[in-house]
Amino acid sequence: MKRIVSAILAGAMALGLAACGGSAASTSTAASASAAGSTAVSQTESDLDYIKGKGKLVIGYTVYEPMNYTDEQGNFTGFDTELATAVCKKLGVEPDFVEINWDTKVVELDAKSIDCIWNGMTLTDDIMANTATTKAYAKNAQVVVVKEGTDYTSTADLAGKTVVAEAGSAGETAIAEDAGLAQADYISKSVQTDCLMEVAAGTADAAVLDLTLANAMIGQGTDYADLKIVDELNAEEYGVAFRKGSDAAAAVDAAFDELKADGTMEALADKYDLALAD
C-alpha cells in the first residue's frame, strides 16, 4: 500500500468529497446518495426549519476522546458532546448522536442520515467548499506519535516505514502533503484510536493524528503510556459542517456567541484541556 495517499485523495475528490459514512446502513445510504446526486439545501428551503420540525439534531460523530467518547462510568461525554447538547438546548431540539464512518461523512450528510458533522472536524478547504460550516470554535494540530525510545529527528526518518492515520482525516492529508511521510508505507484505519493501537502493538512505526486526541490518550497515566508526540505538522481549527446551503450553521454560530459570552465554552475548554479558536 506504499505511497497510495495521493490516489486515495484524488479519488475522494472525484467522488465529491465522499468523506464519511454511518452505521450499518451507511453502504446503502451512500449508494442512494450517489444515485440521487447532491442533496444540497436550495435557497428556498430552510434546513433549520427541517431540523426543528423533527425536534432533534442528528449529529454524526466517531469515538474520539476528548471530543465524543464513553467515560469510565459508562457516560457518553466529551467537549463536542457537551457543547452540542448546550447548542441544541438553545435551538429547542434534542441532540441525537449517531456514530458514523468518517471516510464517507459528507455522503451521510447529503443523504440526510445525519444533520451535521460535529466531532473535532478540521475546517479544510474541501469541507468548506462542500458543506455549510460554522465559524471555528477550537484549535488543533496534526502530530506524529511514536513509541518511547524511537529515534526521530524529522518526518524523513519515516520514509519506507509504516505510518497510519484515520481514513478521510486531516492526518491522512498531512501525510500526503509532507515530503517525508509521503515516502512511508501508509495504511488507513477506520478511527484514530485504532492508529494508537497499531503503534503500541508495533505493527506501525508512527501515527499521524489530532493533537487533542493525542494529549488525552497517550503518556503517563493512560493506556498508552509508552507512546509520545515527536512532531507537530501544522495548525488547524475545528468547526461543524451542515449540508451545503444550510441555514443551520448560522444559527449554531449565534448559539456559539451566546455560549462564549456566558462562559460556557471557556468552562468546557478548561474541563477538556482544549484551546478555543480566536
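Just so it is clear, the model here is predicted, and its values are computed rather than measured.

## As for the pairing of strand β10 (residues 206–210)
Looking along a regular strand, one sees the side chains alternate between the two faces of the sheet. Within β10, five of the five residues are buried, which leaves the element mostly enclosed by the surrounding structure. Where strand β7 (residues 138–147) and β10 come together, four bridges link them in antiparallel fashion. Among the inter-strand pairings, V145 is bridged to a residue of β10, identified as A207. Note: strand β8 (residues 162–166) against β10, two bridges, orientation parallel. Of the residues in β10, the one forming a bridge with V163 is A206.

## What to know about the side chain of Q142
Its place among the elements puts Q142 in strand β7. At a separation of 2.7 Å, a polar atom in the side chain of Q142 contacts the side chain of E236. Sequence-distant contacts of Q142, defined by excluding residues within four places in its chain, comprise A170, G171, A174, V208, L209, D210, D231, E232, L233, N234 and E236.

## Focus on the environment of D210
Its place among the elements puts D210 in strand β10. Considering only alpha carbons, one finds D210 and N140, 70 residues apart in sequence, at a separation of 6.7 Å. Setting aside anything within four residues of it in sequence, one finds D210 in contact with Y64, G120, N140, A141, Q142, V143, Q192, E236 and Y238. At 2.4 Å, the side chain of D210 and the side chain of Q142 are in polar contact.

Calculation notes
Residues numbered from 1 in each chain as written. Predicted model: local features only at pLDDT ≥ 70, side-chain atom pairs only at ≥ 80, totals over all residues. Heavy atoms only, no water. Buried < 20%, exposed > 50% of the residue type's maximum accessible area, 1.4 Å probe, protein only. Helix = DSSP H or I, 4+ residues; strand = E, 2+ residues; numbered from the N terminus. Pairing = 2+ DSSP bridges. Polar contact = N/O pair within 3.5 Å; in protein donor to acceptor, adjacent residues only side chain to side chain. Contact = heavy atoms within 4.5 Å.

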